[in-house]
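# Structural description and commentary
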Amino acid sequence: MKSKITELAKRRGLFLPSFEIYGGASGFYDYGPIGALIKNNIEQVWRSKFVLKEGLFEISSPNIGIEDIFIASGHAKHFVDPIIKCKKCGKVYRADHLIEEYGIKTQNLSIKDLSEIIRRENLRCISCKGELSDIESFNLMFATYIGADSKKAYLRPETAQHIFILFNRLYEINRKKLPLGVAQIGRAYRNEISPRQALIRLREFSQAEIEYFVFPSEKKHERFSEIANIELKLLPAENEDEIKISVKKAVENGIIANELLAYFIARTYEFLREVGIPSEKIRFRQHEKHERAHYAIDCWDAEVLTQAFSWIEVVGIADRGDYDLKAHSKMSGKKLTAFDGEKHVIPHVVEPSFGIDRIFHCIIETAYRDDGKRKFLKLKPNIAPYLAAVFPLLTKEELIKKSHEVFALLKNKNIFCYHDVSGSIGRRYARADEIGVAFSITADFQTLEDDSITIRERDTTEQKRVNIKELAEILIKLRDGEIRFNKL
Ligand code: AMP
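All values derive from a computational prediction rather than experimental measurement. (Residues numbered from 1 in each chain as written. Predicted model: local features only at pLDDT ≥ 70, side-chain atom pairs only at ≥ 80, totals over all residues. Heavy atoms only, no water.)

### Focus: the pattern of salt bridges
- Within the structure shown, the criterion is met by 39 salt bridges.
- Among the ionic pairs, Glu 204 bridges to Arg 187, the shortest N-O distance being 2.9 Å. Of this pair, Glu 204 sits in strand 11 (residues 204–214) while Arg 187 sits in strand 10 (residues 180–189), and the two are 17 residues apart along the sequence.
- Classification of Glu 204 as partly exposed rests on a relative accessible area of 21%. (Salt bridge = Lys/Arg side-chain N within 4 Å of Asp/Glu carboxyl O. Helix = DSSP H or I, 4+ residues; strand = E, 2+ residues; numbered from the N terminus. Buried < 20%, exposed > 50% of the residue type's maximum accessible area, 1.4 Å probe, protein only.)

Here it is, written out as structure tokens:
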């Protein structure tokens, strides 16, 4: 499965290894022309669901942050992985990954414990069997310098910190009111020791994060009733097995810490469904106590079941309490508080943090179909790179002219589409299906007579005839789920 997707990704320009002509560097990928369109659509659905419908502020901050930010947040000291080197061939491993390669489980062990396992089991370098060094801590942030006076800085390891440090300004812009919800889509950088699994573990990746600030006593949401009855698959920390439970009951039974956290867990579930992940492949796993940062009140990962990599975390949703604002307040000497009518208090924050690249992988993997006769990506129309492809039935001048007119009409309506005249109509359908184009529009001889045109649905390959005048509106309604193809 993995290699089929990688092959398709390279051939059709979904995602491509970066810097390839210079030998490449692992952990970096370029999105090609088709991948970039799909990624933009994922971000657009996210923006519509969270920024527009939740009424959040969206901001866009620098990718670089000065050193103080990351001293305050704890990243400078604690954002580290344990590494170990082979004394013979020089290969560097993440110590826990190396131990796991030998079939030994290592969940959240300290450097001391990991060293003890390596000594006790006499583990060696995987490639040359050489002796291993002591374990060291390796900070995952990319360091850099600003200006000629070399002020130390880092590429941000997450987009969130820039929201925290802007709190006072945003609070004022929000007319000094809570709740205050702030969103950001942007790049994050982590110098992973062993980037792998293509888009799953990258050194530069895209995050879409929300920081939702509230008074500590008000961890509720006014629209909670809209999602209260959604049934979720949860894996609570103490449980061996998953449970299926409504959001409301999960809060009432104390499984999820509060309504606000539960609200964002439910909206995350809806989002994953809206971009095409089936509900049976989605679960929410609660962090065990030892996984959770000491300040986190409760933390859940949205996980998706993949064929290639089993369950993977795609979104982290945490109640971070007042940790971040407190830390930045201490470091900067500035008060970061909100007024509750009686006193100034440090707000608490709930943070849903989405990994766009992992979600991209899950969508493509879920959509991939190869039934022996036909290969296609069963992408939802709102995610498809092109909503439509426009063809003439035959490469005859009058048909090409007509299909070109239709192509121009759709472009003018801001519909992402392309015009293809090369090869047979069958080949053109096949090329469109393979990259997940939602609908193929074909001008034929009847079109020349009465301005009617065929729409072919990718998944069923069924065709309907509609009038060209109505085409753009119909396509938009199909994309937005306002009408169904079989009802045309
Ligand atoms: P975290 O801040 O570690 O909770 O990350 C939030 C989200 O970012 C995760 O749920 C992932 O989807 C994504 N993510 C984290 N690290 C990486 C990485 N190295 N490559 C790709 N996505 C990542």
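### Section: the side chain of Asp 301
- Counting through the fold element by element, Asp 301 comes out in strand 15 (residues 298–306).
- Asp 301 gets classed as buried once you look at its relative accessible area, which sits at 4%.
- One polar contact links Asp 301 to His 287, side chain to side chain, over a distance of 3.0 Å.
- Setting aside residues up to four positions removed in sequence, Asp 301 forms contacts with Arg 283, Phe 284, Arg 285, His 287, Glu 313, Val 315 and Gly 316. (Polar contact = N/O pair within 3.5 Å; in protein donor to acceptor, adjacent residues only side chain to side chain. Contact = heavy atoms within 4.5 Å.)

### Regarding the packing of helix 2 (residues 33–52) against helix 13 (residues 356–367)
- Following both chains from N to C, one finds helix 2 and helix 13 inclined at 110°, their axes separated by 10 Å at the closest point. The orientation of helix 2 relative to helix 13 falls into the category roughly perpendicular. The interaxial crossing formed by helix 2 with helix 13 has right-handed handedness. Contact residues: helix 2 offers Gly 35, Ile 38, Lys 39, Ile 42 and Glu 43, while helix 13 offers Ile 356, Asp 357, Ile 359, Phe 360, Ile 363 and Ile 364. (Axes fitted to C-alpha atoms, helices over the stretch in contact; angles between N-to-C directions. Parallel < 35°, antiparallel > 145°, perpendicular 65-115°, else oblique. Left-handed = near helix turned anticlockwise from the far one by under 90°.)

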